[in-house]
Amino acid sequence: MMFLEPTFTIDDVIQRCQTGDRKACEMLYKQYASKMLAVCMRYAVDRMEAEDMLQNGFIKVFKNLVNYRGEGSFEGWIRRIMVHSSIEYYRKHHKMMQVVDITEHGHEQSVNPAAVANLDARDLMGMVQQLAPGYRMVFNLYAIEGYTHKEIAEIVGITEGASKSQLSRARTILKELIAKSDGKRYEYAG
(Lines give C-alpha, C1' and ligand atoms only; values in the text may rest on other atoms or scores of the structure.)
Protein backbone atom coordinates (compact mmCIF):
# COMPACT_ATOMS: atom_id res chain seq x y z
CA MET A 1 0.00 0.00 0.00
CA MET A 2 1.68 3.20 -1.19
CA PHE A 3 0.56 6.54 0.23
CA LEU A 4 3.38 8.71 -1.06
CA GLU A 5 2.37 11.01 -3.86
CA PRO A 6 3.81 9.75 -7.16
CA THR A 7 6.07 12.77 -7.53
CA PHE A 8 7.75 12.29 -4.13
CA THR A 9 10.39 9.76 -3.14
CA ILE A 10 10.81 8.73 0.48
CA ASP A 11 13.95 10.89 0.59
CA ASP A 12 11.90 13.90 -0.57
CA VAL A 13 9.30 13.26 2.12
CA ILE A 14 11.97 12.86 4.82
CA GLN A 15 13.62 16.08 3.72
CA ARG A 16 10.28 17.92 3.78
CA CYS A 17 9.47 16.48 7.22
CA GLN A 18 12.80 17.79 8.51
CA THR A 19 11.75 21.30 7.49
CA GLY A 20 8.45 20.95 9.39
CA ASP A 21 6.14 20.29 6.42
CA ARG A 22 2.98 18.90 8.06
CA LYS A 23 1.65 17.35 4.86
CA ALA A 24 4.91 15.44 4.42
CA CYS A 25 4.72 14.26 8.04
CA GLU A 26 1.19 13.04 7.44
CA MET A 27 2.31 11.19 4.28
CA LEU A 28 5.15 9.57 6.21
CA TYR A 29 2.78 8.52 8.99
CA LYS A 30 0.25 7.05 6.56
CA GLN A 31 3.02 5.19 4.75
CA TYR A 32 4.29 3.35 7.83
CA ALA A 33 1.55 3.43 10.50
CA SER A 34 -0.07 0.07 9.77
CA LYS A 35 3.24 -1.84 9.66
CA MET A 36 4.47 -0.14 12.82
CA LEU A 37 1.16 -0.79 14.61
CA ALA A 38 1.81 -4.49 14.02
CA VAL A 39 5.23 -4.07 15.64
CA CYS A 40 3.69 -2.28 18.63
CA MET A 41 1.00 -4.97 18.98
CA ARG A 42 3.71 -7.50 19.77
CA TYR A 43 4.60 -5.57 22.94
CA ALA A 44 1.17 -4.26 23.94
CA VAL A 45 -1.52 -5.76 26.13
CA ASP A 46 -4.25 -4.71 23.68
CA ARG A 47 -4.83 -2.66 20.53
CA MET A 48 -5.52 0.55 22.43
CA GLU A 49 -2.18 0.31 24.20
CA ALA A 50 -0.47 -0.50 20.87
CA GLU A 51 -1.98 2.66 19.37
CA ASP A 52 -0.57 4.69 22.27
CA MET A 53 2.83 3.06 21.69
CA LEU A 54 2.54 3.89 17.99
CA GLN A 55 1.81 7.56 18.69
CA ASN A 56 4.72 7.82 21.14
CA GLY A 57 6.94 6.09 18.61
CA PHE A 58 6.04 8.47 15.80
CA ILE A 59 6.66 11.46 18.05
CA LYS A 60 10.19 10.10 18.53
CA VAL A 61 10.54 9.40 14.81
CA PHE A 62 9.68 13.01 13.94
CA LYS A 63 11.88 14.42 16.70
CA ASN A 64 14.84 12.28 15.61
CA LEU A 65 14.40 12.54 11.87
CA VAL A 66 17.37 14.90 11.72
CA ASN A 67 19.51 12.01 13.05
CA TYR A 68 18.56 9.63 10.23
CA ARG A 69 21.73 9.27 8.17
CA GLY A 70 20.30 7.31 5.26
CA GLU A 71 22.30 4.20 6.19
CA GLY A 72 20.18 1.09 5.89
CA SER A 73 16.47 1.09 5.25
CA PHE A 74 14.32 3.90 6.56
CA GLU A 75 11.65 1.39 7.54
CA GLY A 76 14.22 -0.51 9.62
CA TRP A 77 15.19 2.75 11.35
CA ILE A 78 11.55 3.47 12.20
CA ARG A 79 11.01 -0.13 13.36
CA ARG A 80 13.93 0.12 15.78
CA ILE A 81 12.48 3.32 17.25
CA MET A 82 9.05 1.66 17.57
CA VAL A 83 10.49 -1.37 19.38
CA HIS A 84 12.45 0.77 21.85
CA SER A 85 9.53 3.15 22.32
CA SER A 86 7.12 0.25 22.93
CA ILE A 87 9.39 -1.29 25.54
CA GLU A 88 9.85 2.10 27.20
CA TYR A 89 6.07 2.59 27.25
CA TYR A 90 5.54 -0.89 28.66
CA ARG A 91 8.08 -0.31 31.44
CA LYS A 92 6.46 2.99 32.34
CA HIS A 93 2.90 1.65 32.48
CA HIS A 94 3.36 -1.91 33.75
CA LYS A 95 5.19 -3.33 36.69
CA MET A 96 7.91 -5.61 35.37
CA MET A 97 8.64 -8.70 37.39
CA GLN A 98 12.30 -9.41 37.99
CA VAL A 99 13.11 -12.74 36.44
CA VAL A 100 15.53 -15.06 38.12
CA ASP A 101 18.23 -16.47 35.88
CA ILE A 102 17.70 -20.23 35.81
CA THR A 103 19.01 -22.90 33.56
CA GLU A 104 16.38 -25.34 32.38
CA HIS A 105 17.51 -28.93 32.17
CA GLY A 106 15.95 -31.63 30.10
CA HIS A 107 14.79 -31.60 26.53
CA GLU A 108 12.23 -29.37 24.93
CA GLN A 109 8.99 -30.91 23.78
CA SER A 110 8.84 -31.52 20.05
CA VAL A 111 5.86 -30.31 18.07
CA ASN A 112 3.82 -32.40 15.67
CA PRO A 113 4.43 -30.94 12.18
CA ALA A 114 0.75 -31.50 11.31
CA ALA A 115 -0.28 -29.23 14.20
CA VAL A 116 1.98 -26.47 12.87
CA ALA A 117 0.73 -26.93 9.30
CA ASN A 118 -2.83 -26.17 10.40
CA LEU A 119 -1.85 -22.80 11.93
CA ASP A 120 -1.62 -19.51 10.13
CA ALA A 121 0.39 -16.42 11.11
CA ARG A 122 -2.55 -14.88 12.99
CA ASP A 123 -2.90 -18.04 15.09
CA LEU A 124 0.80 -18.00 15.95
CA MET A 125 0.74 -14.30 16.83
CA GLY A 126 -2.33 -14.95 18.99
CA MET A 127 -0.36 -17.59 20.84
CA VAL A 128 2.58 -15.21 21.28
CA GLN A 129 0.14 -12.62 22.70
CA GLN A 130 -0.84 -15.17 25.38
CA LEU A 131 2.70 -15.36 26.74
CA ALA A 132 3.46 -13.55 29.98
CA PRO A 133 4.77 -10.04 29.20
CA GLY A 134 8.42 -10.79 29.98
CA TYR A 135 8.45 -13.96 27.90
CA ARG A 136 6.59 -12.22 25.05
CA MET A 137 8.99 -9.28 25.03
CA VAL A 138 12.12 -11.45 24.93
CA PHE A 139 10.59 -13.80 22.33
CA ASN A 140 9.64 -10.88 20.08
CA LEU A 141 13.01 -9.18 20.41
CA TYR A 142 14.92 -12.38 19.70
CA ALA A 143 12.79 -14.38 17.27
CA ILE A 144 11.07 -11.59 15.36
CA GLU A 145 13.26 -8.48 15.64
CA GLY A 146 16.58 -10.39 15.53
CA TYR A 147 18.28 -8.93 18.62
CA THR A 148 21.00 -10.90 20.42
CA HIS A 149 20.65 -11.91 24.07
CA LYS A 150 23.24 -9.29 24.97
CA GLU A 151 21.23 -6.56 23.23
CA ILE A 152 17.99 -7.80 24.81
CA ALA A 153 19.59 -7.74 28.25
CA GLU A 154 20.58 -4.09 27.75
CA ILE A 155 17.20 -3.05 26.31
CA VAL A 156 15.03 -4.82 28.88
CA GLY A 157 17.35 -4.44 31.87
CA ILE A 158 17.92 -8.12 32.63
CA THR A 159 20.94 -10.43 32.44
CA GLU A 160 21.86 -12.34 29.30
CA GLY A 161 21.12 -15.56 31.18
CA ALA A 162 17.66 -14.32 32.10
CA SER A 163 17.05 -13.46 28.45
CA LYS A 164 18.05 -16.98 27.40
CA SER A 165 15.93 -18.50 30.13
CA GLN A 166 12.87 -16.44 29.20
CA LEU A 167 13.28 -17.32 25.52
CA SER A 168 13.55 -21.00 26.37
CA ARG A 169 10.44 -20.84 28.55
CA ALA A 170 8.54 -18.87 25.88
CA ARG A 171 9.41 -21.50 23.27
CA THR A 172 8.29 -24.30 25.59
CA ILE A 173 4.97 -22.58 26.27
CA LEU A 174 4.42 -21.91 22.54
CA LYS A 175 5.17 -25.55 21.73
CA GLU A 176 2.63 -26.62 24.35
CA LEU A 177 0.03 -24.23 22.91
CA ILE A 178 0.67 -25.53 19.39
CA ALA A 179 0.43 -29.14 20.54
CA LYS A 180 -2.88 -28.41 22.30
CA SER A 181 -4.31 -26.24 19.53
CA ASP A 182 -6.11 -28.93 17.49
CA GLY A 183 -7.35 -26.34 15.01
CA LYS A 184 -8.42 -23.89 17.72
CA ARG A 185 -8.30 -20.27 16.54
CA TYR A 186 -6.32 -17.78 18.62
CA GLU A 187 -7.45 -14.18 18.70
CA TYR A 188 -4.82 -11.72 17.48
CA ALA A 189 -5.94 -8.13 17.27
CA GLY A 190 -3.06 -7.05 15.01
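Residues numbered from 1 in each chain as written. Predicted model: local features only at pLDDT ≥ 70, side-chain atom pairs only at ≥ 80, totals over all residues. Heavy atoms only, no water.

- The name given to the protein in an unreviewed UniProt entry is Sigma-70 family RNA polymerase sigma factor, with the source organism recorded as Mucilaginibacter defluvii.
- Per its UniProt entry, the protein bears the Sequence similarities (unreviewed entry) comment "Belongs to the sigma-70 factor family. ECF subfamily." (UniProt positions renumbered as here; feature names shortened; annotations may be inferred.)

**A closer look at the overall build of the protein**
Phase 1: Looking only at helices and strands, the protein features nine helices and zero strands.
Phase 2: Secondary structure elements of the protein, listed N to C terminal, follow the sequence α-α-α-α-α-α-α-α-α.
Phase 3: For the protein, with 190 residues in total, the buried portion stands at 41%.
Phase 4: Considering only contacts in the protein between residues 6 or more positions apart, those separated by 24 or more positions represent 69%. (Helix = DSSP H or I, 4+ residues; strand = E, 2+ residues; numbered from the N terminus. Buried < 20%, exposed > 50% of the residue type's maximum accessible area, 1.4 Å probe, protein only. Contact = heavy atoms within 4.5 Å.)

**Re the pattern of salt bridges**
Phase 1: Under the defined criterion, the tally for this structure stands at eight salt bridges.
Phase 2: Here glutamate 26 makes a salt bridge to lysine 30, at a shortest N to O gap of 3.0 Å. Of this pair, glutamate 26 and lysine 30 are both found in helix H2 (residues 22-41), four residues apart, which corresponds to roughly one turn of the helix.
Phase 3: Note on glutamate 26: relative accessible area 43%, which makes it partly exposed.
Phase 4: Accessibility expressed as a relative area gives 40% for lysine 30, which makes it partly exposed.
Phase 5: Residues lysine 60 and glutamate 88 are paired through a salt bridge, measuring 2.6 Å at the closest nitrogen-oxygen approach. Of the two residues, lysine 60 is situated in helix H3 (residues 47-64) and glutamate 88 in helix H4 (residues 74-93); the sequence distance between them amounts to 28 residues.
Phase 6: Residue classification places glutamate 88 among the partly exposed residues on the basis of a relative accessible area of 48%.
Phase 7: Shared partners join several salt bridges into a network, and the residues in it are Arg42, Arg79 and Glu145. (Salt bridge = Lys/Arg side-chain N within 4 Å of Asp/Glu carboxyl O.)

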